[in-house]
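# Descriptive analysis of the structure
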Amino acid sequence: MKDTVTYSQIKSYIGSTKTIRSTLIGLGLTKMHKTVTKKNTPELRGMLSKVLHLVKIEE
């Protein structure tokens, strides 16, 4: 497993539930096509699995 993970928001959160929106904000994704690199932790992987239909993960 790599030390960092890079991910981008590729779809809009419009029409999603409040928990999905707050998860995206917690991940640091506030705009479309924004790319974030963070340390790879189990907590981060769990958050990404909840919004997998809205993000693209590059390892």
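Rules used in this analysis
- Residues numbered from 1 in each chain as written.
- Predicted model: local features only at pLDDT ≥ 70, side-chain atom pairs only at ≥ 80, totals over all residues.
- Heavy atoms only, no water.
- Helix = DSSP H or I, 4+ residues; strand = E, 2+ residues; numbered from the N terminus.
- Buried < 20%, exposed > 50% of the residue type's maximum accessible area, 1.4 Å probe, protein only.
- Polar contact = N/O pair within 3.5 Å; in protein donor to acceptor, adjacent residues only side chain to side chain.
- Contact = heavy atoms within 4.5 Å.
- Salt bridge = Lys/Arg side-chain N within 4 Å of Asp/Glu carboxyl O.
- Axes fitted to C-alpha atoms, helices over the stretch in contact; angles between N-to-C directions.
- Parallel < 35°, antiparallel > 145°, perpendicular 65-115°, else oblique.
- Left-handed = near helix turned anticlockwise from the far one by under 90°.
- Nonpolar A, V, L, I, M, F, W, Y, C, P; charged D, E, K, R; others polar.

### Examining the side chain of serine 8
Following the sequence through the fold, serine 8 ends up in strand S1 (residues 4-9). We classify serine 8 as buried; its relative accessible area is 8%. Separated by 3.0 Å, the side chains of serine 8 and threonine 35 make a polar contact. If we ignore the near neighbours within four places in the chain, the residues touching serine 8 are Lys34, Thr35, Leu54, Val55, Lys56 and Glu58.

### Quick word on the side chain of threonine 23
When you line up the elements, threonine 23 lands in helix H1 (residues 18-27). In this structure threonine 23 comes out as buried when scored by relative accessible area, which is 16%. Looking at threonine 23, its side chain comes within polar contact range of the main-chain oxygen of threonine 19, at 2.7 Å. Those residues within four positions of threonine 23 in sequence are excluded, and the remaining contacts are Met47 and Val51.

### Digging into the pattern of salt bridges
According to the stated counting rule, one finds one salt bridge in the structure shown. Between glutamate 58 and lysine 56 there is a salt bridge, with its nearest N and O atoms 3.9 Å apart. Here glutamate 58 falls in the partly exposed class, since its relative accessible area comes to 28%. You can call lysine 56 partly exposed: its relative accessible area is 45%.

### With respect to the packing of H1 against helix H2 (residues 42-50)
Close contact between H1 and H2 brings their axes to 10 Å; oriented N to C, the two are set at 140°. Regarding the angle of H1 to H2, the classification is oblique. Where H1 crosses over H2, the handedness of that crossing is left-handed. On H2, the residues that touch Ile20, Thr23, Gly26 and Leu27 of H1 are Leu44, Met47, Leu48 and Lys50. Within the contact of H1 with H2, the residues separate by chemical class into five nonpolar, two polar and one charged.

### Let's talk about the environment of valine 55
On the secondary structure map, valine 55 appears in strand S3 (residues 55-58). The residues contacting valine 55, other than those within four sequence positions of it, are Ser8, Gln9, Ile10, Leu24, Leu29 and Leu48.

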